[in-house]
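Reading the structure
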Amino acid sequence: MSSEMCMFRRLPMLSLRGPEAVEEVRRIAEPFFWEIVGVDDPDRLSRQVKRDQVRVALIDLRGAMQSAMSWLPAFCHQFPSLQLVAIIEKPQADNPAHASFLHAYFFDFCFAPIEPTRLTFSIGHAWTMARVADLHVANESACGLGDGAHEMVGRSEAMQAVRRQVHRYAGNHLPVLITGPTGTGKELAARSIHHQSDRTDKPFVAVNCGTLSPNLIQSELFGHEKGAFTGASKRRIGWVEQAQGGTLFLDEIGDLPLDVQVNLLRFLQQGEIQRVGGDATIAVDARIIAATHVDLNRAVLAGTFREDLLFRLDVLPLEMPPLAERGADVLELAEHYLARFCDELGVKRKRLTPATEAALRTYAWPGNIRELMNRLRRGIVLADGNMVSLPEIRPHHDDDSNFPTLARARELAERRVIAEAIARAGNNVTEAARLLDVSRCTLHRLIRKHDLSID
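Along every chain, residues carry numbers that run from 1 in the direction the sequence is written. With pLDDT at 70 or above as the cut-off, local features in this predicted model cover only qualifying residues; side-chain atom pairs require 80 or more to be listed or tallied, and sums for whole chains, interfaces and linings still use all residues. Excluding hydrogens and water, the side-chain values take into account all heavy atoms of the structure.

Thoughts on the pairing of strand E2 (residues 34–39)
Every other side chain in a regular strand lies on the same face of the sheet, so the side chains alternate between the two faces. Rules: Two strands are said to pair when DSSP picks up at least two bridges between them. Each helix is a run of DSSP H or I of at least 4 residues and each strand a run of E of at least 2, with the numbering of both proceeding from the N terminus. If you view a crossover with the strands going away from you and the path from the first strand over the helix to the second runs clockwise, you call it right-handed.
Where strand E1 (residues 9–14) and E2 come together, six bridges link them in parallel fashion. Residue pairing across strands places Met 13 opposite Gly 38, the latter belonging to E2. What joins E1 to E2 is helix H2 (residues 19–29), and the crossover it makes is right-handed.

Here it is in structure tokens:
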């Protein structure tokens, strides 16, 4: 046994049930080298976690579920690597809102009366996973993938893969083509590549090709000389030249007209441009990062995009995942943008109600992060108190059939908890029923109701 395992590991326990509850856990855990420190309010728990840098905390939710649902989301945002284990009463797990809350914020939970083996296994497993998380964060920091990655919020597997590619691509000057649905953060990824590169102190010039005037697009990109056309009263330096030494980000590259694509291809091949109405050749050192939400291969087949330009741009591909595929990232993003928008609007920080969080997790997000941001801004303005509720982030039109009602959000949360219990139990119905504290008959009925299956 290592020296680290032989020393006591401090474990704060938040309980509103008095010293007797803490002493019960202490008698169970101390033989396994856990030092239980009892606290009786969330502020003391925060101070304890900060002071001792603990990895795991135990929270007694018996009779305190509703209050925890109001303060715990902000607490978890403050300590994202802390693993939480709950003690609950069996009837609490039958409430879909409670089940969704446990699933979102807790590593594991134990029923009361406390079974010693179950409790020690849960906190031991949580501590091990916290150590793994520590190593992961340390590795990200060493690779420059931490919080300074320009607000690329989210810890899902999909976003971890994006961060790794961003870091890898930042180390060279080859063109990058970023693809993905509208609103997934393609410009944010481009900025992150730029700021992690050796061009970070040089310009980052972002151009939306879809908004450029068809008559002036050549001039906008490559500049023009005085008198080049009617209205050209002075020389203009184009976007490409303005990115000298830095990065040129061409968003919606698929909207470029074919004649402009020819000039862009020449620049990519030779590193030179000519201003409209000028004869001089100007060397420009700018890295190109392009982005599109359309399939450029189909555009090539349709004759609207040059195949040779696609070959030049698609050297290092980066695909941004839709928000619906990022799991719990939506809640982390919501907390991040809620805090940011409240600061921008000069209002007191607000939080989401548990029902709203459950709805955010189950919504399909066709508009991705951009839609989430817009809904949160609306919610901040419409909320009367310090909580943003479900009606306040719904749109004002009636065609939003994808957004779940509260009943639907509860149903989806119930389905998710049942599916996870079945998976944890290795498809053993008896064990899954025990985890959910329901009868086998009830579980079979719920499996049919939610169209689940036992392999």
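Structure's up, so let's keep going.
Some thoughts on unusual backbone geometry
As a reminder of what qualifies: Relative accessibility decides the category of a residue: with a 1.4 Å probe and only protein chains considered, values under 20% of the type maximum give buried, values over 50% give exposed, and everything between is partly exposed.
Residues Ala 112 and Pro 113 are joined by a peptide bond in cis, for which omega reads 0°. Mapped onto the secondary structure, Pro 113 falls in the loop between strand E5 (108–112) and helix H6 (116–142). Notably, Phe 33 is not glycine yet its phi reads approximately 70°, a positive angle. By secondary structure assignment, the location of Phe 33 is in the loop between H2 and E2. The class for Phe 33 is partly exposed, based on a relative accessible area of 29%. Phi at Glu 252 is positive, roughly 50°, even though this residue is not glycine.

As for the side chain of Asp 108
Inclusion rule: Polar contacts, as used here, are pairs of N or O atoms within 3.5 Å; protein pairs need one atom able to donate a hydrogen and one able to accept it. Residues neighboring in sequence count only if both atoms are side-chain atoms. Whether two residues touch is decided by their heavy atoms; if any such pair falls within 4.5 Å, the residues are in contact.
You can see Asp 108 is positioned in strand E5. A polar contact of 3.0 Å, which involves the side chain of Asp 108, links it to the side chain of Ser 122. Residues in contact with Asp 108, not counting those within four places in the same chain, are Leu 84, Val 85, Ala 86, Arg 118, Ser 122 and Arg 424.

With respect to the nonpolar core
Note the threshold: Each nonpolar core is a collection of buried residues, namely Ala, Val, Leu, Ile, Met, Phe, Trp, Tyr and Cys, held together in the definition by side-chain atoms within 4.5 Å.
Counting residues in each nonpolar core, the largest one holds 48 residues, and the members touching the most others are Leu 45, Ile 59, Leu 61, Leu 72, Phe 75, Leu 84 and Phe 106. Breaking this core down by element, the ones donating at least two residues are helix H3 (42–52), strand E3 (56–60), helix H4 (65–78), strand E4 (83–89), helix H5 (96–105), helix H14 (329–345) and helix H16 (368–382). Among the elements that take part in this core, H14 stands out by supplying eight residues, more than any other. If near-sequence neighbours (up to four positions away) are discounted, Leu 61 is found in contact with Ala 68, Ala 86, Ile 87, Ile 88, Gln 92, Leu 102 and Phe 106. Counting 32 residues, the second-largest nonpolar core is a separate cluster that includes Val 205, Leu 221, Phe 267 and Ala 299.

Observations concerning the sheet that holds E2
Stated formally: Axis lines are fitted to C-alpha atoms, over the contacting stretch for helices. Their N-to-C directions set the angle, which ranges from 0 to 180 degrees.
Here five strands make up an open sheet; going across it, the order is E2-E1-E3-E4-E5 and the pairing parallel. Each end of this open sheet is capped by a strand with a single partner; those strands are E2 and E5. Going from strand to strand, the sheet's axes swing by 25° on average, the running direction of each strand aside.

Overview of the sheet that holds strand E6 (residues 176–179)
With parallel pairing, five strands are arranged side by side in an open sheet as E7-E8-E11-E6-E12. Taken across any chain shown, the strands that pair with only one partner, and hence form the sheet edges, are strand E7 (204–208) and strand E12 (316–319). Direction aside, neighbouring strands of the sheet carry axes that sit 20° apart on average. With four bridges joining them, E6 and E12 adopt parallel strand pairing. Among the inter-strand pairings, Val 176 is bridged to a residue of E12, identified as Leu 316.

Describing the pairing of strand E11 (residues 287–292)
Taken across its six residues, E11 has six buried, putting it largely inside the fold. Residues Arg 287, Ile 289 and Ala 291 line one face of E11 and the alternating positions Ile 288, Ala 290 and Thr 292 line the opposite face, and both faces are buried. Pairing of E6 with E11, which is carried by four bridges, proceeds in the parallel orientation. Residue Thr 179 lies in a different strand from E11, and its bridge partner there is Thr 292.

Observations concerning the packing of aromatic side chains
Any two aromatic rings considered together are summarised by their centre-to-centre distance and by the angle between their planes. Rule in force here: The criterion for an aromatic pair is that two Phe, Tyr or Trp rings (for Trp, the six-membered ring) have centres within 6.5 Å, with stacked assigned to planes under 30 degrees apart, edge-to-face to planes over 60 apart and tilted to the rest. Cation placement over rings: the criterion is NZ of Lys or CZ of Arg within 6 Å of the ring centroid and within 35° of the ring normal.
Applying the stated criterion across every chain, the model contains seven aromatic pairs. Judged by centre distance (4.5 Å) and plane angle (75°), the rings of Tyr 363 and Trp 365 are edge-to-face. An aromatic cluster is built from Phe 101, Tyr 105 and Phe 106, whose rings are joined through pairwise contacts. Directly above the aromatic system of Trp 239 lies the positively charged group of Arg 236, at a separation of 5.5 Å from the ring centroid. Over the ring of Phe 341 we find Arg 377, and its NZ or CZ is 4.2 Å from the ring centre.

Digging into the packing of H14 against helix H15 (residues 354–362)
To characterise two packed helices, one gives the angle between the axes of the helices and the distance between these axes. Worth spelling out the cut-off: Put simply, angles under 35 degrees are roughly parallel, angles over 145 are roughly antiparallel, angles from 65 to 115 are roughly perpendicular, and the rest are oblique. Left-handed is the label given to a crossing in which the near helix is rotated counterclockwise from the far helix by less than a right angle, and right-handed is the label when the rotation is clockwise.
In the contact formed by H14 and H15, the axes pass within 9 Å of each other and the chain directions differ by 125°. Classified by the angle between their axes, H14 and H15 sit oblique to one another. Between H14 and H15 the crossing geometry is right-handed. Touching Val 330, Leu 331, Ala 334 and Glu 335 of H14 are Glu 357, Leu 360 and Arg 361, all from H15.

Notes on the pattern of salt bridges
Rules: In the sections that follow, a salt bridge refers to a side-chain nitrogen of Lys or Arg positioned within 4 Å of a carboxyl oxygen of Asp or Glu.
A complete count under the given rule lists 23 salt bridges for this structure. The salt bridge involving Asp 437 is made with Lys 90; its shortest N-O contact spans 4.0 Å. Remark: Lys 90 occurs in the loop between E4 and H5 and Asp 437 occurs in the loop between helix H19 (429–436) and helix H20 (440–449); sequence separation between them is 347 residues. Classification of Asp 437 as partly exposed rests on a relative accessible area of 28%. For the salt bridge of Asp 108 with Arg 118, the shortest nitrogen-to-oxygen distance reads 3.0 Å. In this pair, Asp 108 is assigned in strand E5 and Arg 118 in helix H6, connecting sequence segments 10 residues apart. A relative accessible area of 5% places Asp 108 in the buried class. Here Arg 118 falls in the partly exposed class, since its relative accessible area comes to 22%. Here the residues in one salt-bridge network are Glu 225, Arg 235, Glu 241 and Arg 275, joined through shared partners.

Interpretation in functional terms is not warranted from these geometric data alone.
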